[in-house]
Amino acid sequence: TTASYSDYGITASKDGTLYWVTELNNGLIYTIAVRRQKQDGTIETLQTLLTTTLSSSPQNTAKPCIAVLKDGSIIVTFFNYTNIDVVNLFVWRSSDGGDTWQEISRRALVDNYIDVSASTGNHLDTANLIVSDDIITLVVGIRSKITSLGDNKMVQFVSRDNGTS
């Protein structure tokens, strides 16, 4: 099996440092990792946030996102891998330029999960984090698995407290 990258997110800090989060699929092994490159520097792997082996292909890929917040901290989000009918959101944060990471939540979409059931759910097509002052918005493009509906939607989830909730 050849390893391949499914999705990624990228951002830059005020000093020009690039940060990105990637989703690597190697057979049924899925890995979410964060990397950094300072200006004219080498690429550093900062943290592997998740490595999991699944028994079969998941209903969706993780759609990882990354953003630098107003206070300089870095936030990463990605959807959990599931073979059940709903997904939820993992959230990680670094307050020191990516040197250390703290898991904030594995269920950030409490009571707002996304239905990805095989017969009536949605495909997760895209995800982006948008930051404005202390407001973080996750925008997700979804598409109905019922092709006759032709139902494409954009859904958004908002944190108004700099990612605390």
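You'll find the structure just up there.
Here's a quick rundown of the structure. The structure presented is a predicted model; accordingly, all values stated were derived computationally and were not measured. (Residues numbered from 1 in each chain as written. Predicted model: local features only at pLDDT ≥ 70, side-chain atom pairs only at ≥ 80, totals over all residues. Heavy atoms only, no water.)

### Looking at the overall build of the protein
Looking only at helices and strands, the protein has zero helices and 13 strands in total. Sequence-ordered secondary structure for the protein, helices as α and strands as β, is β-β-β-β-β-β-β-β-β-β-β-β-β. The C-alpha radius of gyration computed for the protein amounts to 16 Å, which stays within 12% of the reference 15 Å derived for 165 residues, consistent with globular compactness. For the protein, the spread of C-alpha atoms along the principal axes amounts to about 50 × 40 × 25 Å. Counting across all 165 residues of the protein, residues that qualify as buried make up 45%. Taking the intrachain contacts of the protein between residues at least 6 apart in sequence as the baseline, contacts between residues at least 24 apart amount to 40%. Of the roughly 8,800 Å² of accessible surface on the protein, 47% is carried by carbon and sulfur atoms. The positive charge centre, built from 13 side chains, and the negative charge centre, built from 17, are 2 Å apart in the protein. (Helix = DSSP H or I, 4+ residues; strand = E, 2+ residues; numbered from the N terminus. Rg over C-alpha atoms; globule rule 2.2 N^0.38 Å. Buried < 20%, exposed > 50% of the residue type's maximum accessible area, 1.4 Å probe, protein only. Contact = heavy atoms within 4.5 Å. Areas by Shrake-Rupley, 256 points an atom, 1.4 Å probe, with all protein chains shown as cover. Lys, Arg positive; Asp, Glu negative; His and termini not counted. Charge placed at Lys NZ, Arg CZ, Asp CG, Glu CD.)

### Structural notes on the environment of Thr 126
For Thr 126, the position within the fold is in strand β11 (residues 122-132). The class for Thr 126 is partly exposed, based on a relative accessible area of 38%. Among all residues touching Thr 126, those that are not within four sequence positions of it are Lys 63, Val 139, Val 140 and Gly 141.

### Looking at the sheet that holds strand β3 (residues 29-37)
Strand order in the open sheet made by the four strands is β1-β2-β3-β4, with antiparallel pairing throughout. The open sheet has two free edges, formed respectively by β1 (4-12) and β4 (43-53), since each of these has just one partner strand. Here the average twist between neighbouring strands, direction ignored, is 15°. (Pairing = 2+ DSSP bridges. Axes fitted to C-alpha atoms, helices over the stretch in contact; angles between N-to-C directions.)

### Observations regarding the sheet that holds strand β12 (residues 135-144)
Read across the open sheet, the three strands follow the order β11-β12-β13; overall the sheet is antiparallel. Where the open sheet ends on each side, the last strands, each with one partner, are β11 and β13 (152-159). Sheet twist, expressed as the mean angle between neighbouring strand axes with direction ignored, is 20°. In the sheet, β11 pairs with β12 via 10 bridges, with the strands oriented antiparallel. Across the sheet, Ala 127 pairs through a bridge with Val 140, a residue of β12.

### Details of the pairing of strand β5 (residues 65-68)
Residue alternation in β5 divides its side chains into two sets, Cys 65 and Ala 67 and Ile 66 and Val 68, and both sets are buried. Of the pairings in the sheet, the one linking β5 to strand β6 (residues 74-79) comprises four bridges and is antiparallel in character. Bridge pairing in β6 links Ala 67 to Ile 75.

### Observations regarding the packing of aromatic side chains
Per the counting criterion, the structure on display carries one aromatic pair. Between Phe 78 and Phe 90, the ring centres sit 5.0 Å apart and the planes meet at 25°, which makes this aromatic pair stacked. Residue Phe 78 is located in strand β6, and its partner Phe 90 is located in strand β8 (residues 89-94); the two are separated by 12 residues in the primary sequence. The two residues Phe 78 and Phe 90 agree in class, both being buried. (Phe/Tyr/Trp six-rings, centres within 6.5 Å; stacked < 30°, edge-to-face > 60°.)

### So, unusual backbone geometry
Even without being a glycine, Asp 40 presents a positive backbone phi close to 60°. Inspection of the secondary structure puts Asp 40 in the loop between β3 and β4. Even without a glycine there, the phi angle at Asp 133 is positive, about 55°. In this fold, Asp 133 is placed in the loop between β11 and β12.

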